[in-house]
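# Per-entry structural report
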Amino acid sequence: MFLLDASLAQSIVDRAMQILRTNVNVMDERGLIIASGEPARIGTRHEGALLVLAQGRAVEIDAAVASRLHDTRPGINLPLRAEGRVVGVVGLSGAPEAIRQHAELVRMAAETMLEQARLMQVLARDERLREELVLQLIGAAPARPASDDWIREWARRLQVDLAVPRVVLLVDIDAPALAADAMLAEQQRLQRLLAALEPGLLSAPVSLRELAVLLPVLPGEGEASRLRARVEDLRARIATQGAVPRLALGGVFAGTEGLVRSWQSARATLRAGRRRQPEGAVHCYADLTLAVLLAGLAEGWRADELQRPLQRLAAHDRDGQLRRTLVAWFAHDMKTAPSAAALHVHRNTLDYRLRRIGELTGLDLARLDDCLLLFIGLELVEDA
């Protein structure tokens, strides 16, 4: 329900008094003056407004009538309508015959301002509802999750087609030096910018520095490379507006829980991307799938067991040479020639170091299972 507040009422007064050489008052539904060209009158009851509210029509008060009413001056008072009902009264002070030609124009201008304000309230309300819908869809809403039927009805009222496949894009404002108010302002600017660049995009703040964006998957974009190219293009366009956030693209998942998984994968991708590609601006789940999935093993007794071979290695590898060798070997798909080149050593030296690693860890690097133990252990160290 639309309510006339003091700020909007004062705007009506100020605009009218820029043109008219008479005092203007605006009263609320109780007949109280909430805005006036004479600030001392604010908060007092206006007898003429009470008559307008009771009769639902304009009321003219001449000097004779004013003398019989309490603290009332001659003038014309007109009802202000919004949403088909009277929400307040606008009053012009002066002899009715002198101001009658202006009174209706003031009322029309005031109601135009009311309608604009009402539409802005509706837009703001719908935007808040869209944000809440996004949080419900990704499973990040602070309130109790809504039922599937209610979410579908909610989306229908907001004209959001849930049948459109979407993927979560996490927008991270990578600026820890910003104060909280500056961070909030930048987040709101980014949200407006994204809406302008991609009309119909759904987004919602999930923290002071993060936005969850539901990016529609266009026909033919099922391949990760095409989605990645689209996100990189989006960031390039954002950058032209002076914004340089870090973006993390989640996975595309089907089913009712698809967006929940996409959101979870986007957050995990952001964490993995920060560690592995600290200078990177766009991180994709498709590129970091293994690191994201292995991150779930980083705690508990499983993590301890996976770290045990590397702990044995570290006890005899004080300068870290053998560990660096192992990292390079895995980075080059366990191929001797490129690994040796990356380490700037002869391949015989590489073979010797790998045998030494096997001896110290008690593992056989010719067995896939043993290689996987070392590889996963290194992955967890990188993720820690």
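Conventions we followed
Residues numbered from 1 in each chain as written. Predicted model: local features only at pLDDT ≥ 70, side-chain atom pairs only at ≥ 80, totals over all residues. Heavy atoms only, no water. Buried < 20%, exposed > 50% of the residue type's maximum accessible area, 1.4 Å probe, protein only. Helix = DSSP H or I, 4+ residues; strand = E, 2+ residues; numbered from the N terminus. Pairing = 2+ DSSP bridges. Contact = heavy atoms within 4.5 Å. Polar contact = N/O pair within 3.5 Å; in protein donor to acceptor, adjacent residues only side chain to side chain. Axes fitted to C-alpha atoms, helices over the stretch in contact; angles between N-to-C directions. Left-handed = near helix turned anticlockwise from the far one by under 90°. Nonpolar A, V, L, I, M, F, W, Y, C, P; charged D, E, K, R; others polar.

## Remarks on the pairing of strand S6 (residues 166-172)
- Counting buried positions along S6 gives seven out of seven residues, so the element sits mostly inside the fold.
- Here S6 shows a buried face lined by Arg 166, Val 168, Leu 170 and Asp 172 and a second buried face lined by Val 167, Leu 169 and Val 171.
- Examined bridge by bridge, S6 and strand S8 (residues 210-216) share seven bridges and lie antiparallel to one another. Of the residues in S8, the one forming a bridge with Val 167 is Leu 215.
- Sheet topology places S6 next to strand S9 (residues 246-249); four bridges connect them, and they run antiparallel. Bridge assignment links Asp 172 to a residue of S9, and that residue is Arg 246.

## Focus: the side chain of Thr 22
- Along the chain, the position of Thr 22 falls in the loop between helix H1 (6-17) and strand S1 (24-27).
- Given a relative accessible area of 16%, Thr 22 falls into the buried group.
- Here Thr 22 is in contact with Met 17, Ser 93 and Gly 94, once residues within four sequence places are set aside.

## Structural notes on the side chain of Gln 187
- Within the secondary structure, Gln 187 sits in helix H6 (residues 180-197).
- Its relative accessible area of 4% is what places Gln 187 among the buried residues.
- Of note is the side chain of Gln 187, whose polar atom sits 3.1 Å from the backbone oxygen of Leu 208.

## Points about the packing of helix H4 (residues 96-138) against helix H5 (residues 148-157)
- Packing of H4 against H5 leaves a shortest axis separation of 11 Å and a crossing angle of 145°. Regarding H4 and H5, the two cross each other, and that crossing is left-handed. From H4, Leu 129, Glu 132, Leu 133, Gln 136 and Leu 137 reach across to H5, where they touch Ile 151, Trp 154 and Ala 155.
- Counted by class, the contact of H4 with H5 contains six nonpolar, one polar and one charged residues.

## Considering the sheet that holds S6
- Spatially, five strands are ordered S7-S8-S6-S9-S10 in an open sheet, and the strand pairing comes out mixed. What marks the edges here is a single partner per strand, and that holds for strand S7 (202-205) and strand S10 (282-284). Ignoring which end each strand starts from, the neighbouring axes of this sheet average 20° apart.
- As paired elements, S7 and S8 share four bridges and run antiparallel to each other. Within the sheet, the bridge partner assigned to Ser 203 lies in S8 and is Val 213.
- Set on the sheet, helix H7 (residues 224-239) makes contact with S6, S8, S9 and S10; between it and S9 the angle comes to about 160°.
- Contacting S6, S8, S9 and S10, helix H8 (residues 258-276) crosses the sheet at an angle of about 35° to S6.

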